[in-house]
Amino acid sequence: MQQQWSDQELVDGILRGNPTHQMALYRQYNVPMFRILLRYARDRAEAEDMMQDGFIRVYRDMGQFRGEGALGGWIRRIMVNTALS
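*Asks:* For the environment of V58, give the residues involved together with the corresponding values.
*Replies:* In this structure, V58 sits in helix α3 (residues 44-60). Between the C-alpha atoms of V58 and R44, which are 14 residues apart in sequence, the distance is 20 Å. Excluding residues within four positions of it along the chain, V58 makes contact with L25, W74, I75, I78 and M79.

Listed below in structure tokens is the structure:
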């Protein structure tokens, strides 16, 4: 059974460079984010590329997440911006 962490625990773990927290965040958000990206992509392969780029940005920019809103909303904005760029 997989560990369930709060959004703040995931953020803190990712900021410490913990790959377990990175994988947990990916597992929690990959399906809804992929569905969003499919709306912007020409095909599944392009959506997969967008998602990979998006999660790289999420991990890289995690220090900018201020916790003022939902983590999922912040991730969604990064994914949409990635799709549009």
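*Asks:* Tell me what's going on with the packing of helix α2 (residues 19-40) against α3, and back it up with residues and numbers.
*Replies:* Orientation of α2 relative to α3, taken along the N-to-C sense of each, is 135°, at an axis distance of 9 Å. In terms of orientation, α2 and α3 fall into the oblique class. For the element pair α2 and α3, the recorded crossing hand is right-handed. Judged by residue contacts, Q22, L25, Y26, Y29, N30, M33, F34, L37, L38 and Y40 of α2 engage R44, A47, E48, M50, M51, F55, V58 and Y59 from α3. Residue classes in the contact of α2 with α3 are distributed as 14 nonpolar, two polar and two charged.

*Asks:* Go over the nonpolar core, please, and point to the residues and values.
*Replies:* Among the nonpolar cores identified, the biggest contains 25 residues, and L25, V58, M62, L71, W74, I75 and M79 are the most heavily contacted of them. Mapped onto this core, the elements with two or more residues apiece are α1 (7-15), α2, α3 and α4 (71-84). With near-sequence residues (within four places) excluded, L25 lies in contact with L10, I14, F55, V58, Y59, M62, L71 and I75.

*Asks:* If you had to explain the pattern of salt bridges to someone new, which residues and values would you point to?
*Replies:* The full count for this structure, using the stated rule, is three salt bridges. E46 serves as the salt-bridge partner of R42, at 3.2 Å between the closest nitrogen and oxygen. A relative accessible area of 19% means that E46 is categorised as buried. For D61, the salt bridge is made with R60, and the minimal N-O distance between the two is 2.9 Å. Its relative accessible area of 58% is what places R60 among the exposed residues.

*Asks:* Describe in detail a negative patch on the surface, supporting the description with residues and values.
*Replies:* Where like charges cluster on the molecular surface, the negative patch consists of D43, E48, D49 and D53. Along the chain, the position of D49 falls in helix α3.

*Asks:* How would you summarise the side chain of N30 if you had to cite specific residues and measurements?
*Replies:* Note on placement: N30 falls in helix α2. With a relative accessible area of 17%, N30 lands in the buried category. Contact partners of N30, with chain neighbours within four places excluded, come to M51 and F55.

What counts as what
- Residues numbered from 1 in each chain as written.
- Predicted model: local features only at pLDDT ≥ 70, side-chain atom pairs only at ≥ 80, totals over all residues.
- Heavy atoms only, no water.
- Helix = DSSP H or I, 4+ residues; strand = E, 2+ residues; numbered from the N terminus.
- Contact = heavy atoms within 4.5 Å.
- Axes fitted to C-alpha atoms, helices over the stretch in contact; angles between N-to-C directions.
- Parallel < 35°, antiparallel > 145°, perpendicular 65-115°, else oblique.
- Left-handed = near helix turned anticlockwise from the far one by under 90°.
- Nonpolar A, V, L, I, M, F, W, Y, C, P; charged D, E, K, R; others polar.
- Core = buried A, V, L, I, M, F, W, Y, C linked by side-chain atoms within 4.5 Å.
- Buried < 20%, exposed > 50% of the residue type's maximum accessible area, 1.4 Å probe, protein only.
- Salt bridge = Lys/Arg side-chain N within 4 Å of Asp/Glu carboxyl O.
- Patch = residues over 30% accessible without salt bridge, like charges linked within 9 Å, V, L, I, M, F, W, Y side chains within 5 Å.
- Areas by Shrake-Rupley, 256 points an atom, 1.4 Å probe, with all protein chains shown as cover.
- Lys, Arg positive; Asp, Glu negative; His and termini not counted.
- Charge placed at Lys NZ, Arg CZ, Asp CG, Glu CD.

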